[in-house]
Amino acid sequence: MPSLRELQRSFATAIMDADAAALGDLGIVDNGLDPAARIAIYRNNVFGNYRKTLAATFPVIKRLVGKPFFSLAVDAFVRAHPSMRCDVNRYGGELSLFLADYPTARVLDYLPDVARLEWAVDQANIAADAAPLDVAALGAVPAEMFAELRFVLHPSAQLLQSRYPIFRIWRVNQPDYVGSDVVDLGEGGDALLVFRSDDGVLVERLSAGERVMLAAIAAKRAFGSVAERASEAEPGFDLSDALRRYVQSRAIVAFRTPIVTRTENHP
Amino acid sequence: MSTNPATSLPPYAGIGLRAPHIARVRAERPALAWLEVHSENYFVDGGPAPAALAAIRRDYPISLHGVGMSLGSADALFAGHLTKLKELVHRIEPAAVSEHLCWGHIDGRHLNDLLPLPFTDEALGVVCERIEIVQSALARPILLENVSAYLRFTDDAMAEWEFVAAVAKRTGCKLLFDVNNVYVNAVNHDFDPLAYVTAIPGEAVAEIHLAGFDARGACLIDTHGARVAPAVWSLYQATIERFGPKPTLIEWDTDVPALEVLLDEAAQAQAILDTCHAVAA
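What you see is a predicted model; the values in this text were computed from it and never measured.

(A) Broad picture of the overall build of chain A. Along the backbone of chain A there are 13 helices and five strands. Its C-alpha radius of gyration of 25 Å places chain A more than 25% over the 18 Å reference for a compact globule of 267 residues. Considering only C-alpha atoms, chain A reaches an extent of 85 × 50 × 30 Å along its principal axes. Considering chain A as a whole, with its 267 residues, one finds that 34% of them fall into the buried category. Sequence separation of 24 or more characterises 66% of the internal contacts of chain A that already satisfy a separation of 6 or more.

See the structure below:
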């Protein structure tokens, strides 16, 4: 009689690899339906669950490749990147990596970046909440201290870059999209901000200045350095307007003043 | 064990609350005695899901129903999973916390399904140990749900109902008695479902589940994707006659229908509970 561990190991192998030896080790009662058919019910349930879960997280990928191909790709993904968590809702983060190497998907070479975008949207929806930035407190900061401030992005905020126009690919494949669904892959790449506002998850295209500004803030740079980098990336970039917009949309939710100790002030 | 009771769910009908109905339930607050949600759907740091649950909790008793704890795995429990459940229980103060009598992971790999256990002394020991860990972490008894199964192991040393009753006796856990799963297993494994009901200690039963199955193929499959079958309603009636009125939940997870369909199923369960309340009075 196999131990519980041996039995569960054989069960998992029989489901994942359709392994005949593992199936034999299980000792399954026949009772009118042969053991292989009984294990097949579980195999269908397990893979069916993953297909359903990943289709909910990656609806655009599914739409782009079609249901039959999506199912095959998910099955291969599940075997290559097994779930390591009790909570299936958090499964699928490695799908973009997997698609980059999945032979048939390589024809659509923007797929991995679209998968990254869909995963970012999924993650933004469950990231921690944050109170809006205290505008009055920001107004009270003396002008000479502004260059030292470090702004803080919303916990859901993520920055993405792609060589492909993934924003438009993603947008025209949304259920509520109306209009032409033609995407010119030659139109160039995208820099995107994904974050959760009061109205749900937003995906916004960024100019060069906005991208550098938000990346510098994410890297915890002081605002003086943020300003320098942004205007270098985009001459004429209106930083204070961008700051006002991101505070208003709640992509930026806080600021920290520099820690000034007494000894530093009065050596 | 703590003084916190296993359940304060009222002995009336409730429904499993799924994403498509959350907005309407929040807005319209239908007359339901209680609601059940999947614990794991709220294992998140923030966003709309936990905010909605907190709002709904102000209007309804909530039962937290877990699908991922994997109480029967030879692997140890995932500590992080238990911590998240504990935090959720602290936030929501649920009327009941339940998990399934099954396993889902081995050697660190998860299959994210409710897989069948062999009914052996070793499995009994493992399940009881894990339940005691969970109950002590949560400082309350949990409810254990019997699952549908499409196979049985030749090494089984006891019947499913003997295993279930033994777990309840050893750990003091309560039972979430899924009448549909009993019926599905009775058909799939050829036993009398009433023998199962009779073998269960009624005082341990703290909640009942009802759902629909799929009858295509050689086995009945527990899909939670249809109305409760007539044979399951009959078995439910017999179950309530034996156990007395118990909090009863309509579960529907696949192709979730309009809220009205769930409310109608709940009303049918409530009608059966009412005849039982009337007899008791």
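(B) Structural context of the interface of chain B and chain A. On the side of chain A, 37 residues touch chain B, which itself brings 41 residues to the contact. Sorting the residues of the side of chain B that touches chain A by element identifies β5 (103–106), β6 (109–115) and α4 (121–138) of chain B as the ones contributing at least two each. Sorting elements by how many residues they give to the side of chain B that touches chain A places β6 of chain B first, with six residues.

(C) Main features of the environment of Asp176 of chain A. Residue and element names in this part refer to chain A. Tracing the sequence through the fold places Asp176 in the loop between α9 (166–172) and β3 (190–197). Using a count of 5 C-beta atoms within 10 Å as the deciding quantity, one classes Asp176 as exposed. Sequence spacing of Asp176 and Arg221 is 45 residues, and the spatial spacing of their C-alpha atoms is 38 Å.

(D) Summary view of the sheet that holds strand β8 (residues 174–178) of chain B. All names here are of chain B. The eight strands are arranged β1-β2-β3-β4-β7-β8-β9-β10 in a closed barrel whose pairing can be described as parallel. Adjacent strand axes in the sheet meet at a mean angle of 30°, parallel and antiparallel pairs treated alike. Bridge count between strand β9 (residues 205–210) and strand β10 (residues 248–250): three bridges; the pairing is parallel. Within β10, the residue paired with Ile208 across the bridge is Thr248.

(E) Layout of the confidence of the model for chain B. Averaged over every residue, the pLDDT of chain B is 95; the share at 70 or more is 97%. In the predicted complex, the global pTM is 0.93; the interface-specific ipTM is 0.94.

(F) Region of interest: the sheet that holds β3 of chain A. All names here are of chain A. Pairing is antiparallel in the open sheet, where three strands are placed in the order β2-β3-β4. Strands with a single pairing partner mark the edges of an open sheet, and in this sheet they are β2 (158–162) and β4 (200–205). Strand-to-strand twist in this sheet, taken as the mean axis angle between neighbours without regard to direction, amounts to 25°.

(G) Just the nonpolar core, in detail. Membership of the largest hydrophobic core comes to 150 residues, with the highest contact counts inside it found for Val114 of chain A together with Leu143, Leu144, Val167, Leu175, Val179 and Leu210 of chain B. Take this core: its biggest share by element is nine residues, from helix α7 (residues 111–126) of chain A. Shared between two domains, this core takes at least three residues from each, and those domains are domain 1 (1–91) and domain 2 (126–267) of chain A. Setting aside anything within four residues of it in sequence, one finds Leu143 of chain B in contact with Ala6, Thr7, Ala96, Val97, Ser98, Cys173, Lys174, Leu175, Leu176, Ala206 and Glu207 of chain B.

Definitions and cut-offs
Residues numbered from 1 in each chain as written. Chains lettered and ligands numbered in written order. Predicted model: local features only at pLDDT ≥ 70, side-chain atom pairs only at ≥ 80, totals over all residues. Helix = DSSP H or I, 4+ residues; strand = E, 2+ residues; numbered from the N terminus. Rg over C-alpha atoms; globule rule 2.2 N^0.38 Å. Buried ≥ 20, exposed ≤ 12 C-beta atoms within 10 Å, placed from the backbone. Contact = placed C-beta atoms within 7 Å. Pairing = 2+ DSSP bridges. Axes fitted to C-alpha atoms, helices over the stretch in contact; angles between N-to-C directions. pLDDT = per-residue confidence, 0-100. Core = buried A, V, L, I, M, F, W, Y, C linked by C-beta atoms within 7 Å. Domains from an automatic or database assignment.

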